[in-house]
Amino acid sequence: MLIRNSREKDNSVVDAAGDFSQHPLPREMPQSIDAEQALLGAILVNNYAYDRVSEFLTAEHFFDPLHAQIFGAIAQLIQEGKQAVPVTLAPFFEAAGPIDDDLTVPQYLVRLAVNATTIINAKDYGRTIHDLYVRRQIILLAEDMANSAFDAPIDFPPDNQIQEAEGRLYQLAEKGTGGTGEISFSVAASQAVERANAAYRNKGKLVGLPTGLADLDKKLGGLQPSDLVVLAGRPSMGKTALATNIGWHIAKNGRELEDGEIAPTPVHFFSLEMSAEQLAARILAAEASVSSDRVRRGAVDDREISDFIRAGHRRSGVPLIIDATGGISIAQLAQRARRTKRKHGTSLIVVDYIQLMSGAKKRDGNRVAEITEITTGLKALAKELNVPILALSQLSRKVEERADKRPQLADLKESGSIEQDADVVMFVFREEYYVEREKPGQTDLAKMAEWSASMAAVKGKAEVIIGKQRHGPLGVIPLAFNAELTTFSDLARERHSFGMEAYHGP
């Protein structure tokens, strides 16, 4: 049989006094040569066994290097439409040295096939190989953590090491590898075909998460997994309100599956400006059709406060998770997002807003480099968790200096990396805000009449301007804005989206 390439590790243990002392404890890394041989033999007897494990198993998951090479050669032949048997595999190992004095690699391939009993358990063998690989990776990660803790300089923050370790553990738990790594074009093409077919089967329905705004969804196709969507605007334009509308709609309504079932869609909302209580109060006020400002001041009547309280009870099960930690760093945000994804199965992350975050490293006042680190981190996180991230951003003051105050990509504050890293950049714009501030004095009747006409034309209206969309069209989407309830809706429908749909969750 093949010589096993086991490795022995010297482990440090702590004595009763708490001191570290070296006690060599030789231990073999978790592995199963028998399972690897059984799987390879099953595939060589019947190549259909490969299809049962190819979705989750790759050559790197094998402990024995020769077994990894054999599996890799098998995968190559099968993907080329060829038969993978000892005879066709032998040319791959012509230059390989013998396993021992009495056994060459081609002879070993024949032995694997001859000793194979059944392909029925092929998937179980594959899972065993994969699980043992994950255990080995955990051991190596633990060793890296210990070495890093021992060797780190005194001024190196331990939080950085914790965040890095948690990120690696998350990736390991989700994929069984340190990341998606390289994939062949055939795999990528299969994924693209599957997504296109899903869109076709939907017959015009959204593939992404619906925003609750039909006209916006037509342009975006919903919020797509792994996309970084930036929603930017000047203060008082309503970007927080719009992001809240979208996040609440997704969390409240869930998502309809192909079989008609409603799947919950938890939303993780990082509210860096408003407290969790303030955000919840705004949402419940809109649900109860009561002014959030009057709720805050206590200027509501008995019926309105009763409606507000009922809305709180009725919507208590909506899976909206609010994190209102101020001044959070991109590393901390990623750490918490991974944890919430594992615990709740997050479907969307909302970040309000980019400029209130900090980078992981001190930049000596270089805010541009810090924002670049943040946006790059958000895009990487969206890909890692395979969820859309809706990140809000401020715009620079130069918008106010133009006659036409509609924002442009050049107005993104502090960094061109926002435009570069984002898959979609949208701007929210309300001309009503600017017209209202140009109100003339009451004595100038002509100007007052002109202003009143201008105000009537823009009152209650807003625009979402799509300034960048990596895989779709640009354009302007007119919306209605209810200032009292701080809600947006499709202009043609002239109804707010809060409270219109029933919550299908628990």
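Refer to the preceding data block for the structure.
Everything quoted here is computed from the prediction, not taken from an experiment.

Reading the values: the criteria
- Sequence order sets the numbering: in each chain, residues are counted from 1 along the sequence as written.
- In keeping with the model being predicted, local features are shown solely for residues with a pLDDT of at least 70 and side-chain atom pairs are shown and tallied solely at 80 or more, while totals for entire chains, interfaces and linings include all residues.
- Water and hydrogen atoms play no part in the side-chain values, which are based on all heavy atoms of the structure.
- Pairing between strands is defined by DSSP: at least two bridges between them are needed.
- We count a stretch as a helix when DSSP gives it H or I for four or more residues in a row; a strand needs E for two or more, and each element gets its number in order from the N terminus.
- Fitting a line to C-alpha atoms yields each axis, with helices limited to the stretch in contact; the angle taken between N-to-C directions then spans 0 to 180 degrees.
- Between two residues, a contact is recorded if the distance between any of their heavy atoms is within 4.5 Å.
- Aromatic contacts are taken between Phe, Tyr and Trp rings whose centres are within 6.5 Å, Trp giving its six-membered ring; a plane angle under 30 degrees counts as stacked, one over 60 as edge-to-face, and the others as tilted.
- Any residue under 20% of the maximum accessible area for its type is buried, any over 50% is exposed, and the rest in between are partly exposed; the area is computed with a 1.4 Å probe on protein chains only.
- Two thresholds decide whether a charge sits over a ring: the Lys NZ or Arg CZ must be within 6 Å of the ring centre and within 35 degrees of the ring normal.
- Cavities and pockets are defined on a 1 Å grid built over the protein atoms alone: a cavity is a set of grid points where a 1.4 Å probe fits but cannot escape, while a pocket is an open set with protein on both sides within 12 Å along at least five of seven lines, and lining residues are those with an atom within 4 Å of any such point.
- Grid points are joined across faces, edges and corners, and a volume is the space filled by probe spheres set on the points.
- Definition used for salt bridges: Asp or Glu carboxyl oxygen within 4 Å of a side-chain nitrogen of Lys or Arg.
- Note on terminology: a nonpolar core comprises buried Ala, Val, Leu, Ile, Met, Phe, Trp, Tyr and Cys residues joined through side-chain atoms within 4.5 Å.
- Helix span, as expected, comes to 1.5 Å for every residue beyond the first.
- For this analysis, a polar contact is any N or O atom pair within 3.5 Å, provided that within protein one partner can donate a hydrogen and the other can accept it, and provided that sequence-adjacent residues contribute only side-chain to side-chain pairs.
- Each angle receives one of four descriptions, namely roughly parallel if under 35 degrees, roughly antiparallel if over 145, roughly perpendicular if within 65 to 115, and oblique otherwise.
- Handedness of a helix crossing follows the sense of rotation of the near helix relative to the far helix, less than a right angle counterclockwise being left-handed and clockwise being right-handed.

Now for the sheet that holds strand E8 (residues 348–352). Taken together, the 9 strands give an open sheet; going across it, the order is E7-E6-E8-E9-E3-E10-E11-E12-E13, and neighbouring strands pair in mixed fashion. Two strands close off the open sheet at either side, each with one partner strand: strand E7 (320–323) and strand E13 (487–490). Averaged over neighbouring strand pairs, the angle between their axes works out to 25° when direction is ignored. Contacts between helix H10 (residues 239–253) and the sheet are confined to strand E3 (228–233), strand E6 (267–271), E7, E8, strand E9 (389–394), strand E10 (424–429), strand E11 (461–469) and E13, with E9 contributing the most and set at about 170° to the helix.

Attention now goes to the packing of aromatic side chains. In the structure shown here, the tally under the stated rule is 5 aromatic pairs. Ring centres of Phe62 and Phe71 lie 4.9 Å apart, and the angle between their planes is 35°; on these two criteria the pair is classed as tilted. There is no split in this pair, since Phe62 and Phe71 are both buried. Put simply, the rings of Tyr50, Phe62 and Phe71 touch in pairs and so form one group of aromatic residues. Here Lys405 stacks its cationic end above the ring of Tyr434, 5.6 Å away from the centre of that ring. The lysine or arginine in question, Arg437, covers the ring of Tyr433, its NZ or CZ lying 3.7 Å from the ring centre.

With that settled, the discussion passes to the layout of surface pockets. Quantified by volume, the second largest pocket comes out at close to 870 Å³. As for the second largest pocket, its lining consists of 31 residues, of which Ala241, Arg282, Ser292, Ala483 and Thr486 are closest to the centre. Among the secondary structure elements, those contributing two or more residues to the lining of the second largest pocket are H10, helix H11 (276–287), helix H12 (292–297) and helix H17 (431–436).

Attention now goes to the pairing of strand E12 (residues 475–482). Bridge count between E11 and E12: 6 bridges; the pairing is antiparallel. Bridged to Ile466 within E12 is Gly475. Linking two consecutive strands that pair antiparallel, namely E11 and E12, is a turn of 5 residues. Pairing between E12 and E13: 4 bridges, direction antiparallel.

So, on to the pattern of salt bridges. Proximity of charged atoms lets side chains of opposite charge pair with each other. This structure, assessed with the given rule, holds 22 salt bridges. For Arg310, the salt bridge goes to Asp307, with nearest N and O atoms at 2.4 Å. Residue Arg310 and its partner Asp307 are both found in helix H13 (residues 302–314); the two are separated by 3 residues, about one turn of the helix. Residues Asp423 and Lys379 are paired through a salt bridge, measuring 2.6 Å at the closest nitrogen-oxygen approach. With a gap of 44 residues between them, Asp423 in the loop between helix H16 (417–421) and E10 and Lys379 in helix H15 (residues 367–385) connect regions that are remote in the sequence. The two residues Asp423 and Lys379 agree in class, both being buried.

This part takes up the nonpolar core. Judged by nonpolar contacts, the single largest core of 71 residues is most densely connected at Ile349, Val351, Leu378, Ile389, Leu390 and Met426. Ranked by the residues each element gives to this core, the list is headed by H10, at 7 residues. Ignoring any residue separated from it by four or fewer positions in sequence, one finds Met426 in contact with Leu216, Leu220, Val229, Val230, Leu231, Ala232, Val464, Ile465 and Ile466. Ile74, Leu89, Ile119 and Ala122 belong to the second-largest nonpolar core, a separate cluster that totals 33 residues.

This part takes up helix H3 (residues 65–79). Its 15 residues give H3 an end-to-end C-alpha distance of 21 Å, which sits within 8% of 21 Å, the value for a rise of 1.5 Å per residue. Within H3, the full set of buried residues consists of Leu66, His67, Ala68, Ile70, Phe71, Ala73, Ile74, Ala75 and Leu77. Next to the buried residues of H3 lie helix H1 (33–45), helix H2 (48–53), helix H4 (86–89) and helix H5 (105–115). Looking at where H3 begins, the residue whose side-chain oxygen comes 2.9 Å from the main-chain nitrogen of Leu66 is Asp64.

So, about the pairing of E6. Burial of E6 is extensive: 5 of the 5 residues sit out of reach of the surface. Residues Val267, Phe269 and Ser271 of E6 are buried on one face, and the alternating residues His268 and Phe270, pointing to the opposite face, are buried as well. In terms of strand pairing, E6 meets E7 through 4 bridges, oriented parallel. Paired with Val267 across the bridge in E7 is Leu320. Of the strand pairs in this sheet, E6 and E8 are connected by 5 bridges, and their pairing is parallel. By the bridge assignment for E8, Phe270 is matched with Val351.

Another point: the environment of Val229. Tracing the backbone shows Val229 in strand E3. Take Val229: its relative accessible area is 3%, and that puts it in the buried class. Sequence separation between Val229 and Lys379 is 150 residues, and the spatial gap between their C-alpha atoms is 9.1 Å. Setting aside its immediate chain neighbours within four residues, Val229 contacts Leu223, Ile389, Leu390, Ala391, Val424 and Met426.

Summarising the element assignment, Ala251 is placed in helix H10. Overall, the relative accessible area of 1% leaves Ala251 in the buried class. Once the C-alpha coordinates of Ala251 and Leu320 are considered, the two residues, 69 residues apart in sequence, prove to be 5.9 Å apart.

Our focus in this paragraph is the packing of H1 against helix H6 (residues 122–151). Close contact between H1 and H6 brings their axes to 9 Å; oriented N to C, the two are set at 140°. Taken together, the axis directions place H1 and H6 in an arrangement best described as oblique. Where H1 crosses over H6, the two elements pack in a sense that is left-handed. Two secondary-structure elements touch here, H1 through Ala35, Glu36, Ala38 and Leu39 and H6 through Ala122, Tyr125, Gly126, Thr128 and Ile129.

Here Asp352 and Tyr353 are connected by a cis peptide whose omega angle stands at 5°. Topologically, Tyr353 is positioned in the loop between E8 and H15. Of note in this structure, Ser226 is not a glycine but carries a positive phi near 70°. For Ser226, the position within the fold is in the loop between helix H9 (214–220) and E3. Positive phi, normally seen in glycine, also occurs at Asn386, with a value near 55°. Here Asn386 lies in the loop between H15 and E9.

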